[in-house]
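Listed below, chain by chain, are the residues.
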Amino acid sequence: MTSSHTDCHFCLQSLRGRKYALRGENAYCVPCYDSLYANPCQECKLPIECSSKDLAYKGRHWHEGCFRCAKCSRSLVEKPFAAKDEVLLCTECYSDEYSSKCFHCQKTIMPGSRKMEFQGSSWHESCFVCQYCQQPLGTKPLITKDNENYCVPCFEKQFAHHCYACKKVITSGGVAYHDQPWHKECFVCAVCNTQLSGQRFISKDEYPYCVDCFSKFHAKKCAACKKPIAALGGAKYISFEERQWHGECFSCTKCSVSLVGQEFLTRQDDILCHKCGSA
């Protein structure tokens, strides 16, 4: 190598007829350059002389022959690799040691490939598909059943319940009534449309009624006070010859003594205690 530089910038010896290296505008003989500027190899700790190829990664340096996988010793020159805790590994060794396994196929998800994560598990992108239509799920909304993922349309087609009232899909929070599913907002009184979910109601002819509407339109009327007898929750009432009374209304027509659990007599529409009936 010839140049206008005639002397080593460090030792001042002549460079004529000798190999030298440039650093900035200064020329150095090979021994001086190596002693001053050669990087130590991360693997063998020896200087990487200017006559050798210096391979660098994140501020560290290697001889070309030392740039190898820490596990299998295969050369990493011009090959993909990964680093773990400052140790270099080929992609195969890194995958064996550290890469996630696909939840679906149980094979390694190679570094650099796209990985889908859902509910703490990982999938190959090609494995993260709807169980029914096999279309990629990507970032689409999905529903999981029995550890299988479904796109929303396929899940609704296969598994979702349809509201007995509006016939639309129930996605959450349904109500079961007479072995039929209902939306909460569709489960209403058959008369006044008051929502009955979480409320007391009475069933008649397969329809639900709020207590007020049932009492108004369907409840039996007390033969004494003529008010409805709401039998919700098993409320007790007295029945005799197709007439009904509230327990507190079932008393002697003449003396008003309670006849609940007592013998009584009838005279036309009146009910009488034994004493009044015998008088």
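Criteria and cut-off values
Residues numbered from 1 in each chain as written. Predicted model: local features only at pLDDT ≥ 70, side-chain atom pairs only at ≥ 80, totals over all residues. Heavy atoms only, no water. UniProt positions renumbered as here; feature names shortened; annotations may be inferred. Pairing = 2+ DSSP bridges. Helix = DSSP H or I, 4+ residues; strand = E, 2+ residues; numbered from the N terminus. Core = buried A, V, L, I, M, F, W, Y, C linked by side-chain atoms within 4.5 Å. Buried < 20%, exposed > 50% of the residue type's maximum accessible area, 1.4 Å probe, protein only. Contact = heavy atoms within 4.5 Å. Phe/Tyr/Trp six-rings, centres within 6.5 Å; stacked < 30°, edge-to-face > 60°. Lys NZ or Arg CZ within 6 Å of the ring centre and 35° of its normal.

- Under the annotation held in an unreviewed UniProt entry, the chain carries the name Four and a half LIM domains protein 5 and is attributed to Melospiza melodia.
- The Subcellular location (unreviewed entry) field of the UniProt record for the chain holds the comment "Nucleus".
- Of the comments in the UniProt record for the chain, the one headed Function (unreviewed entry) reads "May be involved in the regulation of spermatogenesis. Stimulates CREM transcriptional activity in a phosphorylation-independent manner."

1. Some thoughts on the pairing of strand β15 (residues 201-204)
Link 1 in the chain: Relative to strand β16 (residues 207-210), β15 is paired through four bridges, and the arrangement is antiparallel. Residue S203 lies in a different strand from β16, and its bridge partner there is P208.
Link 2 in the chain: Counting the residues between successive antiparallel strands, the hairpin from β15 to β16 contains two residues, one of them, D205, with a positive phi of roughly 55°.

2. Quick notes on the nonpolar core
Link 1 in the chain: Membership of the largest hydrophobic core comes to 15 residues, with the highest contact counts inside it found for C163, W182, F187, C189, L196, C210 and F214.
Link 2 in the chain: Going through the elements one at a time, β13 (174-177), β16 and α4 (211-217) are the ones with two or more residues in this core.
Link 3 in the chain: With residues up to four places along the chain from it excluded, the contact list for F187 reads V175, Y177, W182, T194, Q195, L196, S197, F201 and P208.
Link 4 in the chain: Counting 14 residues, the second-largest nonpolar core is a separate cluster that includes W62, C66, F67 and C93.

3. Looking at the pairing of β13
Link 1 in the chain: Side chains V175 and Y177 project from β13 onto a buried face, and the interleaved G174 and A176 project onto a face without burial.
Link 2 in the chain: Where β13 lies against strand β14 (residues 180-183), four bridges are found, and the strand directions are antiparallel. The residue of β14 that forms the bridge with V175 is W182.
Link 3 in the chain: Count of turn residues in the β13/β14 antiparallel hairpin: two residues, of which H178 carries a positive phi of about 55°.

4. A few points about the packing of aromatic side chains
Link 1 in the chain: In total, this model carries 22 aromatic pairs according to the counting rule given.
Link 2 in the chain: Taken together, a centroid distance of 5.3 Å and an interplanar angle of 65° make the contact between W62 and F67 edge-to-face.
Link 3 in the chain: For F67, a relative accessible area of 6% corresponds to the buried category.
Link 4 in the chain: Centroid distance Y177 to W182: 5.8 Å. Interplanar angle 70°. Geometry classified as edge-to-face. W182 shares its class with Y177; the two are buried.
Link 5 in the chain: The rings of Y164, Y177, W182, F187 and F201 are connected pair by pair, giving a single aromatic cluster.
Link 6 in the chain: In this structure, K145 packs its charged tip against the face of F159, placed 5.2 Å from the ring centre.

5. Section: helix α1 (residues 30-37)
Link 1 in the chain: Within α1, burial applies to C32, Y33 and D34.
Link 2 in the chain: Buried-residue contacts for α1 involve β1 (20-23) and β2 (26-29).

6. What about the UniProt feature "domain: LIM zinc-binding" (unreviewed entry) in the chain?
Link 1 in the chain: When the UniProt feature table is mapped to this numbering, "domain: LIM zinc-binding" (unreviewed entry) covers residues 39-99, 100-161 and 220-279.
Link 2 in the chain: Across residues 39-99, the secondary structure splits into 13% helix and 26% strand, with the terminal C-alpha atoms separated by 32 Å.

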